[in-house]
Amino acid sequence: DAMVIQNPRYQVTQFGKPVTLSCSQTLNHNVMYWYQQKSSQAPKLLFHYYDKDFNNEADTPDNFQSRRPNTSFCFLDIRSPGLGDAAMYLCATSREGGTGKNIQYFGAGTRLSVL
Amino acid sequence: TQLLEQSPQFLSIQEGENLTVYCNSSSVFSSLQWYRQEPGEGPVLLVTVVTGGEVKKLKRLTFQFGDARKDSSLHITAAQPGDTGLYLCAGARWDGANNLFFGTGTRLTVIP
């Protein structure tokens, strides 16, 4: 059974039209992450939530925002998508317990196309 | 700055051959994970190594963590087409950050 669920799997939007991607988890993990991944590259961290605390990466464009209304759900909002934002967006979760392992569990991703 | 460098970046081999993927860094990690990602899917965790010098086996896959916790290797014996995918190493650190530092990735294709 899927533990990190991303919807939709495929999203097509128009240049400049806001889009929201969603992620839910059944693991009750306290940390949730959003990554952007372009073809055959490693995932690039955009931001993460540690419980309700939002942590933005320094190089994440302002065009990308996130919301976490509760433990189970996290959203990625792209306010004005550009052609360069076409990518796979991955959500991941981890249970931060000070073990230093930071094992992350990924969803299947949302493939975003921008026309 | 890329903390973890993987080599090779691309690898295409025949079914039945052996291969090794390397993950190198000048930084020390508290643990290191290996993920495999198939096209159109998210990365799937294969293994976590924690202790310097640790060796873990997962069927035909053997993972080793360097003694100094700065590098790791993945060896696949008798590769199968089902092993095809993007292999990612990722390191965690003790500094309290909740981030994983991903390697540059190795795209493996196993030809039947």
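Structure's up top.
Let us look at the structure shown here. Just so it is clear, the structure is predicted and the values come from calculations on it, not from any experiment.

### A closer look at the interface of chain A and chain B
Phase 1 of the analysis: Contacts between chain A and chain B engage 24 residues on the former and 22 residues on the latter.
Phase 2 of the analysis: For the chain A and chain B pair, buried surface summed over both sides reaches about 1800 Å², with 51% attributable to carbon and sulfur atoms.
Phase 3 of the analysis: At the surface where chain A touches chain B, the tally comes to 1 salt bridge.
Phase 4 of the analysis: Salt-bridge contacts for Glu41 of chain B lead to Arg9 of chain A; the nearest nitrogen and oxygen are separated by 3.6 Å.
Phase 5 of the analysis: Put simply, chain A and chain B have 4 residue pairs in polar contact (both at pLDDT 80 or more) between them.
Phase 6 of the analysis: Looking at the side of chain A that touches chain B, the elements with two or more residues in it are β4 (31-37), β5 (44-50) and β9 (87-94) of chain A.
Phase 7 of the analysis: Here the residues of the side of chain A that touches chain B sort into 12 nonpolar, 8 polar and 4 charged.

### Some thoughts on the sheet that holds strand β1 (residues 5-7) of chain B
Residue and element names in this part refer to chain B.
Phase 1 of the analysis: Taken in spatial order, the 5 strands make up an open sheet running β1-β3-β8-β7-β6, and their pairing is antiparallel. With one partner strand each, in any of the chains shown, β1 and β6 (55-58) form the two edges of the open sheet. Direction aside, neighbouring strands of the sheet carry axes that sit 15° apart on average.
Phase 2 of the analysis: Relative to strand β8 (residues 71-76), strand β3 (residues 19-24) runs antiparallel, the two being bridged by 6 bridges. Residue pairing in the sheet places Asn24 in a bridge with Asp71 of β8.

### What about the packing of aromatic side chains?
Phase 1 of the analysis: One pass over the structure, following the stated rule, counts 12 aromatic pairs over all chains.
Phase 2 of the analysis: With a centroid separation of 6.4 Å and 15° between ring planes, the pair formed by Phe73 of chain A and Phe75 of chain A is classed as stacked.
Phase 3 of the analysis: With relative accessibility at 36%, the residue Phe73 of chain A sits in the partly exposed group.
Phase 4 of the analysis: For the ring pair Tyr35 of chain B and Phe102 of chain B, a centre distance of 6.0 Å and an interplane angle of 40° mean the geometry is tilted. With Tyr35 of chain B in strand β4 (residues 31-37) and Phe102 of chain B in strand β10 (residues 101-102), this residue pair connects regions lying 67 residues apart in the sequence. Of the two residues, Tyr35 of chain B and Phe102 of chain B, both sit in the buried class.
Phase 5 of the analysis: Taken together through their ring pairs, the aromatic side chains of Tyr33, Tyr35 and Phe106 of chain A together with Tyr35 and Phe102 of chain B make up a single cluster.

What counts as what
Residues numbered from 1 in each chain as written. Chains lettered and ligands numbered in written order. Predicted model: local features only at pLDDT ≥ 70, side-chain atom pairs only at ≥ 80, totals over all residues. Heavy atoms only, no water. Contact = heavy atoms within 4.5 Å. Buried area = accessible area lost by both parts, 1.4 Å probe. Salt bridge = Lys/Arg side-chain N within 4 Å of Asp/Glu carboxyl O. Polar contact = N/O pair within 3.5 Å; in protein donor to acceptor, adjacent residues only side chain to side chain. Helix = DSSP H or I, 4+ residues; strand = E, 2+ residues; numbered from the N terminus. Nonpolar A, V, L, I, M, F, W, Y, C, P; charged D, E, K, R; others polar. Pairing = 2+ DSSP bridges. Axes fitted to C-alpha atoms, helices over the stretch in contact; angles between N-to-C directions. Phe/Tyr/Trp six-rings, centres within 6.5 Å; stacked < 30°, edge-to-face > 60°. Buried < 20%, exposed > 50% of the residue type's maximum accessible area, 1.4 Å probe, protein only.

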